[in-house]
Amino acid sequence: MSRQILVHLRRVIGGALALGTLYACAEKALAPGGAGAGLVRLNVVADIARQVSALTRTVAVQVGYQQTNGAFVSLVQQSTTVTSGDSVPLSVAVDVASCLSDPTHGAAANVCPLLVRVWLKDASGATLDSTTAGPINATPGTAPAPLTVTVAAVASVTVTPNAPSIAVGATVQLAATLKDAAGNVLTGRIVTWASNSVTVATVSSMGLVTATGLGPDTLTANNSSIITATSEGQNGSATVTATVSFVAVSPDGFFSCGLIAGGAAYCWGYNADGDLGDGTTTQRVTPTAVRGGLVFTGITSAFSSPCGLTAGGAAYCWGYNVDGELGDGTTTRRLTPTAVQGGLVFTSISSGQAQTCGLTAGGVAYCWGDNSHAQLGDGTTTQRLTPVAVQGGLVFTSLKTGGLHTCGLTAGGAAYCWGDGGTTFSYTPVTVKGGLVFTSVAAGESDTCGLTAGGAAYCWGSNYSGEVGDGTTTPRLTPVAVQGSLVFTSLSLGVSYTCGLTVGGAAYCWGYNADGELGDGTTTQRVTPTAVQGVLVFKSVTDGIYTTCGLTVGGAAYCWGGNTSAQTGLGFITPHVLTPVKVVGQP
């Protein structure tokens, strides 16, 4: 039986006023009264306490009895319209003569087992709730009793689930459970929903929550929204946490970017030049969605302005552009992704200190931006605002851009580099000496490394801080083996430091460490590979200028190193992060 509508019988007993609910008072007698011997008068009071606003409600009362075959015989029906806070008496005169003489109800002679049906309806006539009370045994010769009908008020609101975490773009259905003061569940009441942070989550009128982002906060991380359900002045809430899961992550020196599973790009950290692509120049301590709705398959931001590559091979870049590194034909900074001009279809893209390069499906390399150190490979030192082909006619399988130089790898495993590599300089691609066959190459500020099929790492270049990894700080003009006999699956270079990933997913770094970019818990320079602290198993590690990020096999992004602009994703600014920390906003 519903208990939204509480029906009470008041009856004078020995001068005292007794109160009991009708459905629990079948033994109480309700006597005929008035002019006729079979006339019973029921005084009904509808109390709509604490209803929302001034909403119109209708209380309808039907009095009758039930025959033994289950049929209900209505003796009288009456209703009244009330609004919020009204207490309206409803006087119902019931002629029970026919009932008293009807043997089909199964009661004793001269007894009418009255049932009282009560409905609560809205302005359109739709039933919000209903209940039946009784039977009330009406017998001749006793005094009439007044009847009180009360619509129970909402006393509490509980929202479930109360603390869900959902991925950005996903939804979760919330439910509001309403109860009266006695703890009875109420239905049919109006519930309104609201979110206190629509940049994290929105909520529909039916309680369907959609995670929209990780929030706008710029000083502290906050990727939660409080969703509130309100009914008749009572509130209940749930805290919804929005999350993102990365499939790629790429740090710069002052900001970082990543891709989530659906191909949306998120960036965080420094943003004075629109580096985060969110249409503003506001620094962000949590991953913020790059505007434009583009779906990327790859992203790069290792040394300069970030760029993303779509599934169709179109390149888009944003941020700093004083040297034309965005490739849009201008030197104007861009706060949102801008298409690289030329209509070229790329299979990969790589950003350097102030230049960007891309590789086509045919293996042709194109570069654009700063060319003061011949890093574009077109035989000149002329700045290029749109892509130009690298000279030499070489067909590359991969391409990596460093600080002031670029290197490519041919199908045969031969490495070629151009620009200023720290110890070498060339206007066009030249072969790396040593005769080594590489499966991949990586370029840093003024150093380069290659990986053989057996997982041996070789590096060469300035070696200012031991980033070559041979146990010295001696400049190397040709590749030398990295000490330690580690077997690597990938390498990445930053500014005077190097990191490698082993077959088992362990990360090792070496070289410059003043900002903690080696992740070994210190700021001590290392001239040979040193294990990154923690028990994390990585599937990729990428170096920035002073910040390093890795993606675990479970899909979680961790960063360490310089954090002066919150680029590690720690959620706040601190000069250094010496060991890996999980980027905020992830599950």
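Thresholds applied
Numbering of residues starts from 1 in every chain and runs along the sequence as written. This being a predicted model, a pLDDT of at least 70 is required before a residue's local features are given, and a value of 80 or more before pairs of side-chain atoms are given or counted; all residues contribute to the totals for chains, interfaces and linings. Each side-chain value is derived from all of the structure's non-hydrogen atoms; neither hydrogens nor water enter the calculation. Secondary structure elements are defined from DSSP: runs of H or I of at least 4 residues count as helices, runs of E of at least 2 residues count as strands, and each element is numbered from the N terminus. Each residue gets one of three labels from its accessible area relative to the maximum for its type: buried under 20%, exposed over 50%, partly exposed in between, using a 1.4 Å probe on protein chains only. In this description, contact between two residues means that some pair of their heavy atoms is separated by no more than 4.5 Å. We count a salt bridge whenever a side-chain nitrogen from Lys or Arg sits within 4 Å of a carboxyl oxygen from Asp or Glu. Residues belong to one nonpolar core when they are buried, are Ala, Val, Leu, Ile, Met, Phe, Trp, Tyr or Cys, and are joined through side-chain atoms within 4.5 Å. When DSSP finds two or more bridges between two strands, those strands count as paired. Helix axes use the C-alpha atoms of the stretch in contact, all axes being lines fitted to C-alpha atoms, and the angles between their N-to-C directions lie in the range 0 to 180 degrees. Whether two aromatic rings pair depends on their centres lying within 6.5 Å, for rings of Phe, Tyr and Trp, where Trp uses its six-membered ring; planes under 30 degrees apart make the pair stacked, over 60 edge-to-face, and the rest tilted. Sitting over a ring, as applied to charges here, requires NZ of Lys or CZ of Arg to be within 6 Å of the ring centre and within 35 degrees of the ring normal. When two cysteine sulfur atoms lie within 2.5 Å, the pair is treated as a disulfide. Whenever a nitrogen or oxygen atom comes within 3.5 Å of another N or O atom, the pair is scored as a polar contact, on the condition that within protein one atom can donate a hydrogen and the other can accept it, and that pairs from neighbouring residues in sequence are kept only if both atoms are in side chains. Cavities and pockets are defined on a 1 Å grid built over the protein atoms alone: a cavity is a set of grid points where a 1.4 Å probe fits but cannot escape, while a pocket is an open set with protein on both sides within 12 Å along at least five of seven lines, and lining residues are those with an atom within 4 Å of any such point. Grid points are joined across faces, edges and corners, and a volume is the space filled by probe spheres set on the points. Note that Gly is not counted as nonpolar here; it falls among the polar residues with everything else outside the nonpolar set of Ala, Val, Leu, Ile, Met, Phe, Trp, Tyr, Cys and Pro and the charged set of Asp, Glu, Lys and Arg.

K.L.:
Which parts of the structure should I look at to understand the overall build of the protein?
P.N.:
Looking only at helices and strands, the protein features 1 helix and 47 strands. When the 587 residues of the protein are sorted by exposure, 51% land in the buried category. Of the contacts made within the protein by residues no fewer than 6 positions apart, 52% connect residues no fewer than 24 positions apart.

K.L.:
Mind showing me how you'd approach the side chain of Thr452 here?
P.N.:
Looking at the element boundaries, Thr452 is found in strand 37 (residues 447-452). Accessibility expressed as a relative area gives 15% for Thr452, which makes it buried. In this structure, Thr452 is in contact with Val437, Phe438, Thr439 and Tyr458, ignoring residues within four places of it in sequence.

K.L.:
I'm lost on the pattern of salt bridges in this one. Help?
P.N.:
Under the counting rule described, the total for this entry stands at 7 salt bridges. Between Arg189 and Glu232 there is a salt bridge, with the nearest N and O atoms lying 2.8 Å from each other. In this pair, Arg189 sits in the loop between strand 14 (185-186) and strand 15 (192-195) while Glu232 sits in the loop between strand 18 (224-231) and strand 19 (234-243), placing the two residues 43 residues apart along the sequence. For Asp273, the salt bridge goes to Arg333, with nearest N and O atoms at 4.0 Å. Within this pair, whereas Asp273 is found in the loop between strand 22 (265-269) and strand 23 (284-289), its partner Arg333 is found in the loop between strand 26 (315-319) and strand 27 (334-339), the two being separated by 60 residues in sequence. Judged by its relative accessible area of 41%, Arg333 falls in the partly exposed class.

K.L.:
Looking at this structure, I do not really get the environment of Thr281. What am I missing?
P.N.:
Within the fold, Thr281 resides in the loop between strand 22 and strand 23. Distance in space between the C-alpha atoms of Thr281 and Gly319 is 9.4 Å, their sequence separation being 38 residues. When sequence neighbours within four positions are dropped, the list of residues in contact with Thr281 reads Asn271, Ala272, Gly274, Arg333 and Leu335.

K.L.:
Sorry, what's going on with the nonpolar core here?
P.N.:
Side chains of nonpolar character tend, in soluble globular proteins, to be buried together. Counting residues in each nonpolar core, the largest one holds 33 residues, and the members touching the most others are Leu174, Trp193, Val209, Ile227, Val244 and Phe246. In this structure Leu174 touches Val159, Thr160, Pro161, Pro164, Trp193, Met206, Gly207, Val209, Ile227 and Ala238, once residues within four positions along its chain are discounted.

K.L.:
Where do I start with the sheet that holds strand 11 (residues 165-167) in this structure?
P.N.:
Picture the strands of a sheet paired through backbone hydrogen bonds; they go either parallel or antiparallel. Here we have 4 strands laid out as an open sheet, ordered 11-19-18-15, and mixed in their pairing. Because the sheet does not close on itself, it has two edges, and the strands there are strand 11 and strand 15. For this sheet, the mean inter-axis angle between neighbouring strands, taken without regard to orientation, is 30°. The sheet contact formed by strand 15 and strand 18 spans 4 bridges and is antiparallel. Paired with Thr192 across the strands is Thr230, a residue of strand 18.

K.L.:
It is not clear to me how the packing of aromatic side chains should be interpreted in this structure. Could you clarify?
P.N.:
Any aromatic ring pair is given by two values, namely how distant the centres are and how the planes are angled relative to each other. By the definition in use, this model includes 12 aromatic pairs. For the ring pair Phe488 and Trp510, a centre distance of 5.8 Å and an interplane angle of 40° mean the geometry is tilted. Of the two residues, Phe488 is situated in strand 40 (residues 488-493) and Trp510 in strand 42 (residues 507-511); the sequence distance between them amounts to 22 residues. Above the ring of Phe72, the side-chain terminus of Arg117 is found at 3.8 Å from the ring centroid.

K.L.:
What's the story with the sheet that holds strand 37 in this structure? I'm lost.
P.N.:
The 4 strands are arranged 36-37-38-39 in an open sheet whose pairing can be described as antiparallel. Each edge of the open sheet is held by one strand with a lone partner, namely strand 36 (438-443) and strand 39 (476-481). Taken over all neighbouring pairs, the strand axes of this sheet differ in orientation by 20° on average, direction set aside. Pairing of strand 36 with strand 37 involves 5 bridges; the strand directions are antiparallel. In the strand pairing of strand 37, Ala443 is matched with Thr448.

K.L.:
Where do I start with the state of the cysteines in this structure?
P.N.:
Think of a disulfide as a covalent bridge from one cysteine sulfur atom to another cysteine sulfur atom. With the rule as written, the count across this model stands at 8 disulfides. Between the sulfur atoms of Cys357 and its disulfide partner Cys367 the distance amounts to 2.0 Å. A torsion of 110° about the S-S bond marks the disulfide between Cys357 and Cys367 as right-handed. On the criterion of sequence distance, the pair formed by Cys357 in strand 29 (residues 355-360) and Cys367 in strand 30 (residues 365-369) is long-range, its members being 10 residues apart. Note on accessibility: Cys357 and Cys367 belong to one class, buried. Here Cys449 connects covalently by a disulfide to Cys459, the sulfurs 2.0 Å from one another.

K.L.:
What's the story with the environment of Asp278 in this structure? I'm lost.
P.N.:
The residue Asp278 is located in the loop between strand 22 and strand 23 in this model. Sequence-wise, Asp278 and Cys267 are 11 residues apart; in three dimensions their C-alpha atoms are separated by 8.4 Å. Those residues in contact with Asp278 that sit more than four places away from it in its chain are Asn271, Arg284, Thr288, Ala289, Arg291 and Leu335. Side-chain polar atoms of Asp278 contact the side chain of Thr280, separated by 3.0 Å.

K.L.:
So what exactly am I meant to see when it comes to the layout of surface pockets here?
P.N.:
A probe matching the size of a water molecule, rolled over the atoms, marks out where space remains unfilled. The space that makes up the largest pocket amounts to roughly 850 Å³. Along the walls of the largest pocket sit 37 residues, with Ile299, Lys400, Ser492, Val541 and Thr542 positioned nearest its centre. For the lining of the largest pocket, the secondary structure elements donating two or more residues are strand 20 (246-251), strand 24 (296-300), strand 28 (346-351), strand 32 (396-401), strand 36, strand 37, strand 40 and strand 44 (538-543). Within the lining of the largest pocket, the residues separate by chemical class into 18 nonpolar, 16 polar and 3 charged.

K.L.:
Is there a simple way to explain unusual backbone geometry in this structure?
P.N.:
With the exception of glycine, the majority of residues adopt a negative phi angle, and the majority of peptide bonds are in the trans configuration. A cis amide bond links Thr160 to the next residue, Pro161, at an omega of -10°. Along the chain, Pro161 falls in the loop between strand 10 (156-160) and strand 11. One non-glycine residue, Asn110, lies in positive phi territory at about 60°. For Ala374, which is not glycine, the phi torsion reads 65° and is therefore positive. Following the sequence through the fold, Ala374 ends up in the loop between strand 30 and strand 31 (384-389). The class for Ala374 is buried, based on a relative accessible area of 0%.

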